[in-house]
Every structure is written in C-alpha cells, then in structure tokens.
Amino acid sequence: QVQLVESGGGVVQAGGSLRLSCVASAGTVREIAMGWFRQTPGEERKFVAAIAWNGGTTDYSDSVKGRFTISRDDAKNTVYLQMNSLKPEDTAVYYCARSNQLFTIATEVGEYEYWGQGTQVTVSS
C-alpha cells in the first residue's frame, strides 16, 4: 500500500511563492514517475507538472510553465512543487500522485495509480 502526504499549501498574495511537498509515508516514490495535479470545485482534475522516474525529464502545463518547478529527492522519498509568481487562477486543491511503474513520465490522470489527499492553495488578488 502506498500513502502520499502533501504539505505546504496555504494562503498567499498574488505574486508570492509556495513550495509543496509530497512524501510517501508508506511505500516508495523512488525511481517512479511522479506528478502534481490540481482541481477546483466542479472541475476535473488537471495536470500541472510531472517528473520522470530518474528526474531527467520534466513536463508542465502551459498555464504554469516558467513559474512552477517540480523536483524530487529520492533519498527523502519526496517530490516537490515550487510555485512562484502565483496568480489567483492558481487557486485549487493540489494533489500529488505516483504513476503506474510502466511510464517513464506521465501527464494523464489515468496514468497515475496512487494519490494524496490534497492540499489547498489559495492565492488572493
């Protein structure tokens, strides 16, 4: 069983920064493709960022490219999402996910097998 726990969410003013963390409290994220998604009420969960199993490749949605950075520290069994220049439209619940181990990198919801409980990010204008 894999359990992912996100932290680092909160309320921040537009233009500010937050760093989200995702640690595996059970199981592992080592050498497995990981991703971050976000969801607002009434909307589908949407891709934000992904990192390959070896950290060698990253991918971002167009809406966050250049502002967000995904990284991983396999020694700490942790994945991060650094969010800079935050905008009110970034307000959402952010979810960390571990992909099916078949994927080098994954950007679709269906390619992910395990999900955290989510952490709220609120950006005020």
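Residues numbered from 1 in each chain as written. Predicted model: local features only at pLDDT ≥ 70, side-chain atom pairs only at ≥ 80, totals over all residues. Heavy atoms only, no water.

### Some details on the overall build of the protein
Note the following rule: Secondary structure elements are defined from DSSP: runs of H or I of at least 4 residues count as helices, runs of E of at least 2 residues count as strands, and each element is numbered from the N terminus. The globule rule used for comparison is 2.2 Å times the number of residues to the exponent 0.38, while the radius of gyration itself is calculated over C-alpha atoms. Think of it in three bands: residues with accessible area under 20% of the maximum for their type are buried, residues over 50% are exposed, and the middle band is partly exposed, with areas taken using a 1.4 Å probe on protein chains only. Note on contacts: a residue pair qualifies if any of its non-hydrogen atoms lie within 4.5 Å across the two residues.
On a plain count of helices and strands, the protein comes out with zero helices and 11 strands. The order of helices and strands in the protein, counted from the N terminus, is β-β-β-β-β-β-β-β-β-β-β. Here the C-alpha radius of gyration of the protein, 13 Å, is about what a compact globule of 125 residues would show, namely 14 Å. Along the first, second and third principal axes, the C-alpha set of the protein runs to 40 × 30 × 25 Å. Counting over 125 residues, the protein shows a buried share of 43%. Looking at the protein alone, contacts between residues at least 24 apart form 60% of all its contacts between residues at least 6 apart.

### What about the sheet that holds strand S1 (residues 3–7)?
Inclusion rule: When DSSP finds two or more bridges between two strands, those strands count as paired. Axes here refer to lines fitted to C-alpha atoms; in helices the fit is confined to the stretch in contact. Angles between the N-to-C directions go from 0 to 180 degrees.
Taken in spatial order, the four strands of this open sheet run S1-S3-S8-S7, and their pairing is antiparallel. Edge positions in the sheet fall to S1 and strand S7 (68–73), since each has one partner strand and no second. Neighbour to neighbour, the strand axes of the sheet diverge by 20° on average, direction disregarded. As judged from the six bridges shared by S7 and strand S8 (residues 78–83), these two strands associate in the antiparallel manner.

### Remarks on the pattern of salt bridges
Any two side chains of opposite charge can pair if their charged atoms end up close together. Worth spelling out the cut-off: A carboxyl oxygen of Asp or Glu within 4 Å of a side-chain nitrogen of Lys or Arg is what we treat as a salt bridge.
In the structure shown here, the tally under the stated rule is four salt bridges. Residues Arg 38 and Asp 90 are paired through a salt bridge, measuring 2.9 Å at the closest nitrogen-oxygen approach. Pair noted here: Arg 38 is in strand S4 (residues 34–39) and Asp 90 is in the loop between S8 and strand S9 (92–99), with a separation of 52 residues, a long-range link. Arg 67 is the salt-bridge partner of Asp 90, the closest N and O atoms lying 2.7 Å from each other. With Asp 90 in the loop between S8 and S9 and Arg 67 in the loop between strand S6 (58–60) and S7, this residue pair connects regions lying 23 residues apart in the sequence. Each member of the pair, Asp 90 as well as Arg 67, is classed as buried. Where salt bridges share partners, they join Arg 38, Arg 67 and Asp 90 into one cluster.

### Some details on the side chain of Asn 77
Tracing the backbone shows Asn 77 in the loop between S7 and S8. The exposure class assigned to Asn 77 is buried, which follows from its relative accessible area of 8%. If near-sequence neighbours (up to four positions away) are discounted, Asn 77 is found in contact with Cys 22, Val 23, Ala 24, Gly 27, Thr 28, Val 29 and Arg 30.

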